[in-house]
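Listed below are the residues making up each chain.
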Amino acid sequence: MPSAVLRPPKPKATRRQRNRTLWFWVFVGPFAAGLALFTYVPLGWSVVLSFFDAHNTVTPRDFTGLDNYRRILSDPEFRSSLTTFAVFSAIIVPATFALSLALALAVNRLRWARAFFRSVFFLPTACSYVVAALVWKMSIFNGVRFGLANTVLGWFGAEPVAWLATTHPPWYWLVIGTVRLWLQTGFYMILFLAGLQRIPIGLYEAAALDGARPGWQTFRYITFPALRATSVAVALLLVINAFQAFDEFFNLLSDARGYPPYARPPLVYLYYTALGQGQDLGLGSAGAVVLALVIAVVTVVQARWSGLGRREE
């Protein structure tokens, strides 16, 4: 019989390695436990609730199968909320993309005070969405002649506009769009700045030797193609954040009478479904699962269409 192959014994973990592993779990363990307890467990229980009749309870007993999903998909208000999301994303995604890229290009070209302007444009991202929405609602677009927007219109002899109550034309989109732009443009500007600083200077020098003119020609054939990975990531994040819009809609449009029947994004609809008068947690959970699946599908399709993860040739 052939002699057995002798393998060297596995080295035992040293005391230093064991201590390193112990300290890793000492620091990471509480965060992992909190993430599991406050994120993954509620997400899993929400999926479970979507298959039950859960009125005013989070521990239901009446199993209904796919009935909640049939109800949510046949509800015209839920489909209308998806339409609101489509309109909102069609406004905010290209506007934020273009503005943040333009600011990044402008800041990157500065030879002095670059850090100052980078901080100034990034600062609004630290502001609460609730606070910003209330400032927009109470001070800028408050619908009376003393608001900033109506004061400017008054200088030109125009009548005051009820910005948040006028649906024809839908001026509320101007209010919602501008507050979201002010809040998030600085963050995506930083992402584009990071991408711009990774572009080798040699590309521009080689292009100049080949006769490329600075400006639009350089941007079109060098800068923007080199920002492809950053652009795809920014577009994906913008779409996902548009799906999660809640604070600005709720704080701008709701009042003592409740929320108006127009401009309800999916999360506002689910809020009133699960926590409103009906307290239908099963139906709200089904809507949340459907919304999560829609986000996943849109993200995957957008990533495949844009070639995210594809090897560069």
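The next thing to look at is the overall build of the chain. The helix and strand inventory of the chain stands at 13 helices and zero strands. Shown N-terminal to C-terminal, the secondary structure of the chain runs as helices and strands in the order α-α-α-α-α-α-α-α-α-α-α-α-α. If you line up the chain on its principal axes, its C-alpha atoms span 100 × 75 × 35 Å. Per-residue burial over the chain gives 35% buried out of 313 residues. Roughly 20,200 Å² of accessible area belongs to the chain as shown, and the carbon and sulfur atoms make up 67% of that amount. Between the mean site of the 27 positive side-chain charges and the mean site of the 14 negative ones, the chain shows a separation of 16 Å.

It is worth spelling out the packing of aromatic side chains at this point. Counted by the stated rule, this structure contains 25 aromatic pairs. Look at Phe 51 and Tyr 69: their rings are 5.6 Å apart centre to centre, the planes differ by 50°, and that puts the pair in the tilted class. Placement of Phe 51 in the loop between helix H1 (15–49) and helix H2 (67–74) and of Tyr 69 in helix H2 is noted, with a sequence separation of 18 residues between them. On the basis of an interplanar angle of 55° and a centroid distance of 5.5 Å, the ring pair of Phe 78 and Tyr 269 is categorised as tilted. One end of the pair, Phe 78, is in helix H3 (residues 76–109); the other, Tyr 269, is in helix H12 (residues 266–275), with 191 residues separating them in the sequence. For the pair formed by Phe 78 and Tyr 269, the shared burial category is buried. In textbook terms, an aromatic cluster arises when at least three aromatic residues are bridged by ring pairs, as seen for Phe 88, Tyr 172, Trp 173, Phe 249 and Tyr 262. Across from the ring centre of Tyr 272, 5.1 Å away, lies the NZ or CZ of Arg 264, which sits over that ring.

With respect to the secondary-structure elements, Thr 230 resides in helix H10 (residues 228–243). Discounting residues that sit within four places of it in the chain, Thr 230 has contacts with Leu 191, Phe 192 and Gly 195.

Turning our attention to the packing of helix H7 (residues 172–197) against H10. It is at 10 Å that the axes of H7 and H10 come closest, and there the two elements cross at 160°. Relative to H10, the element H7 is oriented roughly antiparallel. In the packing of H7 onto H10, the handedness of the crossing is right-handed. The segment H7 lies against H10, with Arg 180, Gln 184, Tyr 188, Leu 191, Phe 192 and Gly 195 engaging Thr 230, Ser 231, Val 234, Leu 237, Leu 238, Asn 241 and Ala 242. Residues of the contact of H7 with H10, tallied by class, amount to seven nonpolar, five polar and one charged.

The subject of this paragraph is the nonpolar core. Membership of the largest hydrophobic core comes to 57 residues, with the highest contact counts inside it found for Phe 88, Ile 176, Phe 249, Leu 252 and Leu 253. Where this core is concerned, the elements lending two or more residues are H2, H3, helix H5 (129–140), H7, H10, helix H11 (247–253), H12 and helix H13 (281–306). Tallying contributions element by element places H7 first for this core, with 11 residues. When residues no more than four places from it in sequence are discounted, the contact partners of Leu 253 are Leu 164, Tyr 172, Ile 176, Gly 258, Tyr 259, Pro 260, Tyr 262 and Ala 263.

With that out of the way, let us pick up a nonpolar patch on the surface. On the surface, Leu 22, Trp 23, Phe 24, Trp 25, Val 26, Phe 27 and Val 28 cluster together to form a nonpolar patch covering roughly 760 Å² of accessible area. For Phe 24, the position within the fold is in helix H1.

Before going further, it helps to examine the pattern of salt bridges. For the structure on display, the rule yields four salt bridges. With a shortest N-O distance of 3.0 Å, Arg 71 and Asp 280 are connected by a salt bridge. Taken together, the residues Arg 71 in helix H2 and Asp 280 in the loop between H12 and H13 connect sequence positions 209 residues apart. Where Arg 180 meets Glu 248, a salt bridge forms, and the shortest distance between an N and an O atom there is 2.7 Å. Taken as a pair, Arg 180 in helix H7 and Glu 248 in helix H11 lie far apart in primary sequence, 68 residues in all. A relative accessible area of 3% means that Arg 180 is categorised as buried. Under the relative-accessibility criterion, Glu 248 is labelled buried at 2%.

Further remarks concern the environment of Leu 293. One can find Leu 293 in helix H13. Residue classification places Leu 293 among the exposed positions, given a relative accessible area of 53%. Sequence spacing of Leu 293 and Ser 80 is 213 residues, and the spatial spacing of their C-alpha atoms is 17 Å.

With 34 residues, H3 extends 50 Å between its outermost C-alpha atoms, agreeing within 8% with the 50 Å of an ideal straight helix rising 1.5 Å per residue. Along H3, the sharpest change in direction is near 25° and occurs at Ser 89.

Turning our eyes to something else, we now look at the confidence of the model for the chain. Overall, the prediction assigns the chain a mean pLDDT of 86, with 93% of residues at 70 or greater. The secondary structure element of the chain with the lowest average pLDDT is helix H8 (residues 201–209), at 79, and the one with the highest is H7, at 94.

Reading guide: rules and limits
- Residues numbered from 1 in each chain as written.
- Predicted model: local features only at pLDDT ≥ 70, side-chain atom pairs only at ≥ 80, totals over all residues.
- Heavy atoms only, no water.
- Helix = DSSP H or I, 4+ residues; strand = E, 2+ residues; numbered from the N terminus.
- Buried < 20%, exposed > 50% of the residue type's maximum accessible area, 1.4 Å probe, protein only.
- Areas by Shrake-Rupley, 256 points an atom, 1.4 Å probe, with all protein chains shown as cover.
- Lys, Arg positive; Asp, Glu negative; His and termini not counted.
- Charge placed at Lys NZ, Arg CZ, Asp CG, Glu CD.
- Phe/Tyr/Trp six-rings, centres within 6.5 Å; stacked < 30°, edge-to-face > 60°.
- Lys NZ or Arg CZ within 6 Å of the ring centre and 35° of its normal.
- Contact = heavy atoms within 4.5 Å.
- Axes fitted to C-alpha atoms, helices over the stretch in contact; angles between N-to-C directions.
- Parallel < 35°, antiparallel > 145°, perpendicular 65-115°, else oblique.
- Left-handed = near helix turned anticlockwise from the far one by under 90°.
- Nonpolar A, V, L, I, M, F, W, Y, C, P; charged D, E, K, R; others polar.
- Core = buried A, V, L, I, M, F, W, Y, C linked by side-chain atoms within 4.5 Å.
- Patch = residues over 30% accessible without salt bridge, like charges linked within 9 Å, V, L, I, M, F, W, Y side chains within 5 Å.
- Salt bridge = Lys/Arg side-chain N within 4 Å of Asp/Glu carboxyl O.
- Expected span 1.5 Å × (residues − 1).
- Bend = angle between axes of the 7 residues up to and from the residue.
- pLDDT = per-residue confidence, 0-100.

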